[in-house]
Structure formats: C-alpha cells, structure tokens
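An overview of the molecular structure
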Amino acid sequence: MVLKILLLISIVLQLSAAVIAIRLTRVTKYNLSWILITIALTVMALQRLAEFMQVGFGKEYMVAQDIVVWVGVLTSLCFAAGVFLIRKILNYISTVETKRRLYEKRILNAIIQTEERERQRFSKEIHDGLGPLLSSVKMSVSALDRMNTDPKQQAIIRNASVVVDEAVRCLKEVANNLNPHILMNFGLIRGLNNFINKVASFGGIKIRFDTNLKDERFDPNVEVILYRVVCEMINNTLKHARARQINLNIAYKNEEILLIFEDDGIGFEPEKAIDVPGGGMGLSNIVSRIGSIKGSVDIYSKPDCGTTITIKVNAKRI
Ligand SMILES: Nc1ncnc2c1ncn2[C@@H]1O[C@H](COP(=O)(O)OP(=O)(O)OP(=O)(O)O)[C@@H](O)[C@H]1O
Ligand SMILES: [Mg+2]
C-alpha cells in the first residue's frame, strides 16, 4: 500500500516537473536542454505508471525487461545531455545581462551628454540673447542720466542703472554656472580652482586643493563630469556638513585620475542617503555620472566622523 502511494506521488511530481520544464522550454525559445529534460521527466513518469500498474494489478501488466532497459537508457541520455546543454542557457543569460548593462550605460551617457549640451545651449541663449538686451537698457539709462538735470529723477535713474548692472552680473553668473567657460577653455584644474576660489571668498570654510596636474586636458566629457561632481561634493559639504575644512586631492598617474575629497563635518550614513525615495539627487548623480565614464566611487562617512569620497577614473591626456 505504502509503495502504491509513493508511486502515485512520484508520478504526480514527475508530471508536474515535466509541465514546468515545458514552460521553461517555451520561455527559453525551445532550447534543446529543456526539451530533453521534458522528455526524460515524461518517460520517467510513464515508467512509474507502468510500475504502479504492475504493483496494483498484477503480473499481466509487467513490461518486458529489455523495454525497461531501453527506456532507462533513453531517460539517462536525455537527462545527461539536457544538463550539459543547460550550461549554454547560463552563458546566454550572462551574455544578455552584459548587453543589458552596456545598453543602460549607453543610455545614461546619452542622457548626461544631452543634459550638458542643453546647458551649453541655454547658457549661450542667455549670454547672447539677454546680454545684449540688458546692455542696450544700460546704455539708454546712462543716456537718460546724462540728459536729465532734475536731482530727484537722477536718483531714480541711477537706481535703475545699479539694478541693470546687478542683472548683468547675475546673468553672467548663471550663464557661467551652466557652461563654465574657464573649464571649457582652460581645463579641469583651472575650472576647479576658479570655483573653489569663488566658494572660499564667501568665507566660512577653508578649502585646500592639491594636485600634480597643471593645464593638462582630458576628454571634455570626463572634465565636465569631474567638475560637476566636485561642485556637488563641495555643495553638499556647505549645505549639510557644518565642516571647517575641505581637502581635495587630484592625482594623475598611469592614465588614472584619483580624486580624494574629504571634509571634517558631521558625517552621515551613505546607505541611508543614496537612492532613498523623496531624498536628494546629488549623491546618486555622482555615482551614475562616474559610472557612465567607467569610473568607481567609494563614499565613506559615519556620523561625527566627516566624509571621504574616493573616485577613480581612467583618463588619457589629449
Ligand atoms: N558631506 C556631507 N556631510 C554630511 N551629510 C551629507 C554630506 N553629503 C551628503 N550628505 C547627506 O546625504 C544626503 C543626500 O545628499 P544628496 O546630495 O544626494 O541630496 P541633497 O544634497 O539633500 O539634495 P540635492 O543634491 O538633490 O540638492 C543629504 O541630504 C545629507 O543628509
Ligand atoms: Mg546634494
């Protein structure tokens, strides 16, 4: 009785496994290994059925010995070949995964480059479109000032002139932030020095910048990405860290840029700060931007222990 029940259970299990194997055959686009495994499982289920009939209804249901041997051999062959061929599926899966990652990287690169192009276009529009308009307003206001002798009206005109000057200064700054011309014309180190000097001039924080680079130029994409990343790291320190000092070191050796950024601020828990719903975008942008140029980012920070961010990027001088 126990044997009959066990035989029934194994028939049901083997048929279910065969059904799953048929599904996997379809999913893997009729891969031979799953076809063979399906055949093996079905034949095994039939074998168990024959044994069940024999145990349940007597010797007249007994299958000839050589048929049993043939079926056994067929099952073993199907199983062995199927398992060997499964390696092909694993290779196929890893190829698909590699292609998917490459595709994602290309999309990310395209997004970053489009964003950068848009910034440049926008900066040009502001600089070349709004700039001349404000300059002609300034000229008109100056002419009015010269022509007018009424002291009250002159005060208003001079006030307007100061506001226009301020608007021109703001516009230049916005255009420069969108497309830093020192970075574009003189490279990463001069661009960063310019940004750091500007931040340091506001006071409140000391920034030490060491590098063995001078005016070397790299791929514009690498330069822009490293520039934006450093700006975001400095910005984060100013916004969140309550730090007194930032140390930035950029070393170039063996065609690799090693960038180490440190602040002595309040620190944070990176795993709770990156890719959190509703959280900021700065750190995840750093990771994806550096990923898009095949670099690596390591963010080390703990509450009350400051923050250290290490970035490595392969870059050839041009
Ligand atoms: N240098 C730092 N010191 C202390 N905390 C930091 C530092 N950098 C980042 N953080 C913490 O990590 C969080 C995420 O930073 P992230 O740059 O991603 O976003 P954000 O600065 O808040 O916003 P966004 O960059 O989008 O304007 C910050 O809110 C802050 O709590
Ligand atoms: Mg930020």
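Scroll up to find the structure.
Summary of the structure given here. The structure displayed is predicted, hence computed values, not measured ones.

Attention now goes to the layout of surface pockets. Over the atoms, a rolled probe matching the size of one water molecule traces out where space is still vacant. In this model, the largest pocket occupies a volume close to 490 Å³. Contributing elements (two or more residues each) for the lining of the largest pocket: α3 (65-147), α4 (151-178), α6 (188-201), α7 (220-241) and α9 (282-292). If you count residues domain by domain, the lining of the largest pocket takes at least three from each of domain 2 (116-178) and domain 3 (181-314). The volume enclosed by the second largest pocket comes to roughly 410 Å³.

With that out of the way, let us pick up the coordination of the magnesium ion (ligand 2). For the magnesium ion (ligand 2), the full set of protein donor atoms is E232 (OE) and N236 (OD1), at a range of 2.0 to 2.1 Å. Of this pair, E232 and N236 are both found in helix α7, four residues apart, which corresponds to roughly one turn of the helix. Owing to a relative accessible area of 21%, E232 belongs among the partly exposed residues under this scheme. A relative accessible area of 17% means that N236 is categorised as buried.

What follows concerns the packing of aromatic side chains. Counting across every chain of the model gives two aromatic pairs. Their ring planes at 70° and their centres at 6.2 Å tell us that F195 and Y227 sit as a pair that is edge-to-face. Here F195 is found in helix α6, whereas its partner Y227 is found in helix α7, with 32 residues between them in sequence. On the basis of relative accessible area, F195 is assigned to the buried category, the value being 18%. The interplanar angle of 70° and the centroid separation of 5.1 Å between the aromatic rings of F218 and Y252 together place this pair among those described as edge-to-face. Linking F218 in the loop between β1 (206-211) and α7 with Y252 in strand β2 (residues 245-253), this pair joins segments that are 34 residues apart in sequence. We note R190 situated over the ring of F186; from NZ or CZ to the ring centre the distance is 4.3 Å.

On to the pairing of β2. Side-chain alternation along β2 places I246, L248, I250 and Y252 on a buried face and Q245, N247, N249, A251 and K253 on a face that remains uncovered. Direction of pairing for β1 relative to β2: parallel, over a ladder of six bridges. Bridge pairing in β2 places F209 opposite L248. Once the chain exits β1 it traverses α7 before rejoining the sheet at β2, and the crossover so formed is left-handed.

Moving on: the site of ligand 1. Near ligand 1, the surroundings consist of 15 residues, among which N236, H240, D263, M281 and L283 are the closest. Separating an oxygen atom of ligand 1 from a side-chain N or O atom of H240 is a distance of 2.7 Å. Residue D263 places a side-chain N or O atom 2.9 Å away from a nitrogen atom belonging to ligand 1. Protein burial of ligand 1: of its 600 Å² of free accessible surface, 76% is covered by the chains.

Helices that pack against each other are described as a pair by the angle of their axes relative to one another and the distance between those axes. Running from N to C, helix α1 (residues 2-27) and helix α2 (residues 32-57) point in directions that differ by 160°, and their axes come no closer than 8 Å. Put simply, α1 runs roughly antiparallel to α2. Two packed elements cross with a definite hand, and for α1 against α2 that hand is left-handed. Among the residues making up the contact of α1 with α2, the classes are represented as 19 nonpolar, six polar and three charged.

Our focus in this paragraph is the pattern of salt bridges. Side chains bearing opposite charge may pair, as long as their charged atoms lie close to each other. Enumeration according to the criterion identifies 17 salt bridges in this entry. The residue E115 makes a salt bridge to R119 at a minimum N-O spacing of 3.5 Å. Taken together, the residues span about one helical turn, with E115 and R119 both in helix α3 at a distance of four residues. A relative accessible area of 35% means that E115 is categorised as partly exposed. With its nearest N and O atoms 3.9 Å apart, the salt bridge here joins R190 to D215. With R190 in helix α6 and D215 in the loop between β1 and α7, the pair connects residues that are 25 residues apart, well separated along the chain. With relative accessibility at 48%, the residue D215 sits in the partly exposed group. Each of E115, E116, R119, R228 and R289 takes part in a single network of salt bridges with overlapping partners.

Scoring rules and cut-offs
- Residues numbered from 1 in each chain as written.
- Chains lettered and ligands numbered in written order.
- Predicted model: local features only at pLDDT ≥ 70, side-chain atom pairs only at ≥ 80, totals over all residues.
- Heavy atoms only, no water.
- 1 Å grid on protein atoms, 1.4 Å probe; cavity = no way out; pocket = protein on both sides within 12 Å on 5 of 7 lines; lining within 4 Å.
- Points joined across faces, edges and corners; volume = space filled by probe spheres on them.
- Helix = DSSP H or I, 4+ residues; strand = E, 2+ residues; numbered from the N terminus.
- Domains from an automatic or database assignment.
- Donors = N, O, S within 2.8 Å, 3.2 Å for Na, K, Ca; no water.
- Buried < 20%, exposed > 50% of the residue type's maximum accessible area, 1.4 Å probe, protein only.
- Phe/Tyr/Trp six-rings, centres within 6.5 Å; stacked < 30°, edge-to-face > 60°.
- Lys NZ or Arg CZ within 6 Å of the ring centre and 35° of its normal.
- Pairing = 2+ DSSP bridges.
- Right-handed = clockwise from strand over helix to strand, strands pointing away.
- Near = heavy atom within 4 Å.
- Polar contact = N/O pair within 3.5 Å; in protein donor to acceptor, adjacent residues only side chain to side chain.
- Areas by Shrake-Rupley, 256 points an atom, 1.4 Å probe, with all protein chains shown as cover.
- Axes fitted to C-alpha atoms, helices over the stretch in contact; angles between N-to-C directions.
- Parallel < 35°, antiparallel > 145°, perpendicular 65-115°, else oblique.
- Left-handed = near helix turned anticlockwise from the far one by under 90°.
- Nonpolar A, V, L, I, M, F, W, Y, C, P; charged D, E, K, R; others polar.
- Salt bridge = Lys/Arg side-chain N within 4 Å of Asp/Glu carboxyl O.

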